[in-house]
Amino acid sequence: FVSLERSEVEKDLSRFKDALAREVYHLEQISGDWAAWDDTYQFVQDRNQAFLKANVDWPTLEKNSGLNLILFCSVDGRVIWGEVSDSTKNGKMTLADLKIDFRAQHAYLLAHSSLESKLAGIVLTGCGPMLISSRPVLKTDGCGPFNAVLVMGRILSRPVLETLAEQTKVSFQAKNLQDGPLTLQEEQALAQLAGSELVVEETGPDHLNGYAVVKDLRGAPALLLKASIARVIMR
């Protein structure tokens, strides 16, 4: 019975991770459409404002694509153009709010070694955990050469996490490991997760808590997941 309950916790946490992976895939599809496009390729050359007027409407982008970040950088880390917008935080923010340094700590986001190269995953930013997709800017036919990179992002805000919870039918919490102090239970679970993919904690005869970690693009712990399930099997 204990083994069956542990299996249920594993399934719950796996459903959340799968849902998160689908969101990353969706972001990759959008960034792929933008990155391999003659209009984008021309924009990073001449910075024609007509491109922005035709394609960057934040209310539409947030509603239809869930985007919060569009950023064009040269391969050496110089920002060509970029904006951050989050309707849950009164609209546009500054790039400085992200606390991303493309010439130092986050230079790996621009390190594409081929035309087919791409990066996608979680990055901890000044705006919280963010799903990031990075691709070289190419022509529509997929040819280069490329001298710029497109970075798109979606903030893992509370509404986004609540939507994922509804989709997966899992009662869970996602703790940003960059934020405030952890509880004693969370600290103990995080320590145990250094050598295990899952930690199960008995909270009494009625419930179990399961803990797992979601790592960022560099393999460092980014989110601590906690799922609570009723001990129906044991009862």
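This report concerns the structure included in the present document. Note that the structure is a prediction, hence the values are computed from the model and not measured.

## What about the nonpolar core?
Here comes step 1: In terms of nonpolar packing, the biggest core is built from 46 residues, with Trp 34, Ile 70 and Phe 72 touching the most fellow members.
Here comes step 2: Per-element accounting of this core gives the leading share, ten residues, to helix α1 (residues 2–35).
Here comes step 3: For Trp 34, the residues in contact, after removing those within four places along its chain, are Thr 40, Phe 51, Asn 55, Val 56, Leu 61, Ile 70, Phe 72, Leu 150 and Met 152.
Here comes step 4: One finds Val 84, Leu 109, Met 130 and Val 151 within the second-largest nonpolar core, a separate group that totals 17 residues.

## A closer look at the pairing of strand β2 (residues 79–86)
Here comes step 1: For β2, a buried count of seven out of eight residues is recorded, marking the element as mostly surrounded by other parts of the structure.
Here comes step 2: By the bridge criterion, five bridges tie strand β1 (residues 69–74) to β2 in an arrangement that is antiparallel. Within β2, the position partnered with Ile 70 by the bridge is Glu 83.
Here comes step 3: Judged from the three bridges that link them, β2 and strand β3 (residues 91–93) form a sheet pairing that is antiparallel. Considered in β3, the bridge of Ser 85 is made with Lys 92.

Procedures and definitions
Residues numbered from 1 in each chain as written. Predicted model: local features only at pLDDT ≥ 70, side-chain atom pairs only at ≥ 80, totals over all residues. Heavy atoms only, no water. Core = buried A, V, L, I, M, F, W, Y, C linked by side-chain atoms within 4.5 Å. Buried < 20%, exposed > 50% of the residue type's maximum accessible area, 1.4 Å probe, protein only. Helix = DSSP H or I, 4+ residues; strand = E, 2+ residues; numbered from the N terminus. Contact = heavy atoms within 4.5 Å. Pairing = 2+ DSSP bridges.

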